[in-house]
Amino acid sequence: MSRIGRMPIEIPAGVEVKVGENNEVTVKGANGTLEQTMHQDMIIKVDGSVITVERPSEDKAHKSLHGLTRTLIANMVTGVSTGFKKELEINGVGYRAAKQGKKLVMNLGYSHQVEMEEIEGIKIDVPQPNQIIISGPDKQKVGQFAAQVREKRPPEPYKGKGIKYVEETIRRKEGKAGAKKK
């Protein structure tokens, strides 16, 4: 049995979970509403303040879906109650970010400014010119948008310039050692 799949999911106060037909799970909370259709074979039960996920058989496909389904539902519950956030850090002389309305405007050493539009369900915050915080209830959207921001100027290994996650460490390389004499 899946160690993750058999763990029950506690529903915090203020969060409402509904399982419709075709395993369509709807989770409502303080941060919004999330909907996702899970695989039809999985058995999702809501008993009071606990959600359990069961699988119909010991088939390999059902085993792999068991833990996935449970984790997706747990992420939905966490997202609408507390939310998810990714913090990015900008390193480099003259590299900076600012928020103008619903746009994230970054100077990243290119001849032009890089602009990114805030998407629905995502909130961008720039507390300092070298720090970007992306938050929202949907873990997948937050991670995807953070990856797209980082993609605009990934960190390089020689000087460490670029956009990186706060918890990320850049493996630094040594520069050219100079020409050898004969």
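Residues numbered from 1 in each chain as written. Predicted model: local features only at pLDDT ≥ 70, side-chain atom pairs only at ≥ 80, totals over all residues. Heavy atoms only, no water.

Quick look at the sheet that holds strand β12 (residues 131–136)
Paired through their backbone hydrogen bonds, the strands of a sheet run either parallel or antiparallel.
Part 1: Spatial ordering of the open sheet is given by β11-β12-β7-β13, a layout of four strands whose pairing is antiparallel. Unpaired on one side and paired on the other, β11 (123–128) and β13 (162–165) mark the two borders of the sheet. Strand after strand, the sheet turns through a mean of 25° between neighbouring axes, direction not considered.
Part 2: When strand β7 (residues 84–91) meets β13, the two strands line up antiparallel, connected through four bridges. By the bridge assignment, E89 is partnered in β13 with K164.
Part 3: Each of β7, β11, β12 and β13 is contacted by helix α2 (residues 139–151), which is oriented at about 10° to β7, the strand it contacts most. (Pairing = 2+ DSSP bridges. Helix = DSSP H or I, 4+ residues; strand = E, 2+ residues; numbered from the N terminus. Axes fitted to C-alpha atoms, helices over the stretch in contact; angles between N-to-C directions. Contact = heavy atoms within 4.5 Å.)

Observations regarding the environment of G92
Part 1: On the secondary structure map, G92 appears in the loop between β7 and β8 (96–100).
Part 2: Each C-alpha atom, one on G92 and one on G162, is 6.4 Å from the other, the two residues being 70 residues apart in sequence.

A closer look at helix α1 (residues 60–81)
Part 1: An ideal rise of 1.5 Å per residue puts 32 Å on 22 residues; α1 measures up with 33 Å between its terminal C-alpha atoms.
Part 2: Positioned one or two residues after α1, G83 has a phi angle of 90°, which is positive. (Expected span 1.5 Å × (residues − 1).)

Focus on the sheet that holds strand β4 (residues 32–37)
Part 1: Taken in spatial order, the three strands of this open sheet run β2-β3-β4, and their pairing is antiparallel. Two strands bound the open sheet, and with one partner strand each, they are β2 (16–19) and β4. Within the sheet, the average angular offset between the axes of one strand and its neighbour, ignoring direction, is 10°.
Part 2: Bridge analysis of β2 against strand β3 (residues 24–29) gives four bridges, and the strand direction is antiparallel. Residue pairing across strands places E16 opposite K28, the latter belonging to β3.
Part 3: Sheet strands touched by α1: β2, β3 and β4. Its angle to β3, the strand with the most contacts, is close to 20°.

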